[in-house]
Amino acid sequence: MTDTEARTTTRSTPRVPSQCSSPGIPTSSPEHWLAEVLAAMGCRRAGRKWQCPAHGHTGLHSAALAIGRRDDDRGAWLHCHAGCSVTAVLRALGLRPNHLQRPPRITPSRYVHLRGLRREWPELKAGAHLETAGYRHEAWHLYGPDHAKQRLRRPDGTKTMRWESRNTRGEWVPGLLGTREADLPLYREDEVRMAAAAGETVVLCESESSCDALHGVYATTWAGGAGSPPVETLARLLEGADVVIVPDHDEAGLACLDRLVSALPHARVLIGEPEEDAKDIYARVGLDHFLGMLTSAPTAEARGEREGVGGHAG
């Protein structure tokens, strides 16, 4: 996963110049021409990634090659998530670097035929079929410099997550490479450390999507779900900070709240309406009111005295 990919993920369809050209001369944009070459080679695709011609020769593997249009509109970019260099990918396709701006003046299918590039490709790993099952990329969430979680979602709202990590050679590859989720840093940990040191309020919620939605608010979460909060890490990093816990208002979220409060007894607690999470509250009341709710949120002890021990009223 790269910053370049993240900046170009909103462009779901390649742009095709409108002007006409001579027969046999490609009219598509460079990234579209490259994608058509891969398709003509018989390359398999999963979502926005293709099998990489520089390494995808044998054995089961994930689709790793991403193609997009440069932000300055000066041609295409390539990135292999398995670590192949751009030079290696272009060499496997019989192309030169300048072809990323100006593809050969020949149709992709004719190019593949003349170069003899068509071949058999290995099957994709099972995990590569998430996109074909209806999942689409929604967001990347960085956990420190070496781990990133991708969130994918179906149109019906069903979501799933998958990890990529930077290996010892600096290449992004699938999985956590042996690291436990419990050992990962908090989401936006550096930002949260600075906020805590400055005396700013830090919201602790259950999901990265809630953190991302709380514009104008310092917010963090952890890599696991409600069932596995890293209480020791939270206690160490947020000790003495002005923390407001905003749990999901459901059975799992309230059970998680009890564990969070045990680790952060000084924290205050804000609970929304039933089934609401932090981003739902924020969307319902807006930034100014949300900030006011954070300021007036009671401590867990005060809430318990007001509602009765174990009470979790909204």
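Scoring rules and cut-offs
- Residues numbered from 1 in each chain as written.
- Predicted model: local features only at pLDDT ≥ 70, side-chain atom pairs only at ≥ 80, totals over all residues.
- Heavy atoms only, no water.
- Salt bridge = Lys/Arg side-chain N within 4 Å of Asp/Glu carboxyl O.
- Buried < 20%, exposed > 50% of the residue type's maximum accessible area, 1.4 Å probe, protein only.
- Helix = DSSP H or I, 4+ residues; strand = E, 2+ residues; numbered from the N terminus.
- Arc of directions from axis to C-beta.
- Contact = heavy atoms within 4.5 Å.
- Phe/Tyr/Trp six-rings, centres within 6.5 Å; stacked < 30°, edge-to-face > 60°.
- Pairing = 2+ DSSP bridges.
- Axes fitted to C-alpha atoms, helices over the stretch in contact; angles between N-to-C directions.
- pLDDT = per-residue confidence, 0-100.
- Core = buried A, V, L, I, M, F, W, Y, C linked by side-chain atoms within 4.5 Å.
- Right-handed = clockwise from strand over helix to strand, strands pointing away.

## Let's talk about the pattern of salt bridges
- Within the structure shown, the criterion is met by 14 salt bridges.
- The partner of Arg284 in a salt bridge is Glu276, with the nearest N and O atoms 2.7 Å apart.
- We classify Arg284 as partly exposed; its relative accessible area is 45%.
- Overall, the relative accessible area of 11% leaves Glu276 in the buried class.

## Quick word on helix H4 (residues 108-115)
- Taken together, the buried positions of H4 are occupied by Pro108, Tyr111 and Val112. Down the axis of H4, the sector holding all buried residues measures 95°, keeping them to one side. Residues Ser109, His113 and Leu114 are exposed on H4 and point more than 90 degrees away from its buried face.
- Looking at the packing, one finds that the buried side of H4 touches helix H2 (30-40).
- Directly beyond the C-terminal end of H4, a positive phi value near 65° is found at Gly116.

## Concerning H2
- H2 sits mainly inside the fold: eight of its 11 residues count as buried.
- Those residues of H2 not exposed but buried are Pro30, Glu31, Trp33, Leu34, Ala35, Val37, Leu38 and Ala40.
- On its buried side, H2 packs onto strand S2 (49-50), strand S3 (65-69), strand S4 (76-80) and H4.
- Looking one or two places after H2, you find Gly42, whose phi comes out positive at around 90°.

## Quick look at the packing of aromatic side chains
- Within the structure shown, the criterion is met by four aromatic pairs.
- Here the aromatic rings of Tyr143 and Tyr187 are separated by 5.4 Å at their centres, their planes lie at 35°, and the arrangement is tilted. Here Tyr143 is found in strand S5 (residues 136-143), whereas its partner Tyr187 is found in the loop between strand S8 (172-174) and helix H5 (189-197), with 44 residues between them in sequence.
- On the accessibility criterion, Tyr143 (0% relative accessible area) is buried.
- The rings of Tyr143, Trp163 and Tyr187 are connected pair by pair, giving a single aromatic cluster.

## Side note on the sheet that holds S4
- Taken together, four strands build an open sheet; the order of strands is S1-S2-S3-S4 and the sheet is antiparallel. Two strands in the sheet have a free side with no partner beyond their single neighbour: strand S1 (45-46) and S4.
- Pairing analysis gives two bridges linking S2 to S3, with the strands arranged antiparallel. In the strand pairing of S3, Trp50 is matched with Leu65.
- Strand contacts of H2: S2, S3 and S4, with the helix running at about 150° to S3, the strand carrying the most contacts.

## Digging into the environment of Gly253
- Relative to the assigned elements, Gly253 resides in helix H8 (residues 251-263).
- Judged by its relative accessible area of 0%, Gly253 falls in the buried class.
- Residues Gly253 and Glu206 lie 47 residues apart in sequence; the distance between their C-alpha atoms is 7.8 Å.
- Residues within four places of Gly253 in sequence aside, it is in contact with Glu206, Pro247 and Asp248.

## Quick notes on the confidence of the model for the chain
- On average, residues of the chain score 82 in pLDDT, and 81% of them reach the 70 mark or higher.
- Contacts for the low-pLDDT stretch residues 2-27, under 50 throughout, to residues beyond four places or in other chains number 43 contacts.
- This model gives residues 309-314 a pLDDT under 50, and the stretch forms 13 contacts once residues within four places in sequence are excluded.

## A closer look at the nonpolar core
- With 27 residues, the main nonpolar core has Leu34, Leu38, Met41, Leu65 and Leu78 as its most contacted residues.
- For this core, the elements supplying multiple residues, two or more each, are H2, S3, S4, helix H3 (86-92) and H4.
- In terms of residue count, the dominant contributor to this core is H2 (six residues).
- One finds Ala195, Val202, Leu254 and Val269 within the second-largest nonpolar core, a separate group that totals 24 residues.

## Concerning the pairing of S3
- Of all five residues in S3, five are buried, a share of seventy percent or more.
- Examined bridge by bridge, S3 and S4 share five bridges and lie antiparallel to one another. Following the sheet pairing, Gly68 is matched in S4 by Trp77.
- Between S3 and S4, which follow one another and run antiparallel, lie six residues, and Asp73 among them has a positive phi close to 65°.

## Points about the pairing of strand S11 (residues 242-245)
- For strand S9 (residues 201-204) and S11, the ladder comprises four bridges, and the chain directions are parallel. Looking at S11, one finds that Leu204 is bridged to Ile245.
- In the sheet, S11 pairs with strand S12 (residues 268-269) via two bridges, with the strands oriented parallel. Bridge pairing in S12 links Val244 to Arg268.
- Taken together, S11, H8 and S12 form a β-α-β motif whose crossover is right-handed.

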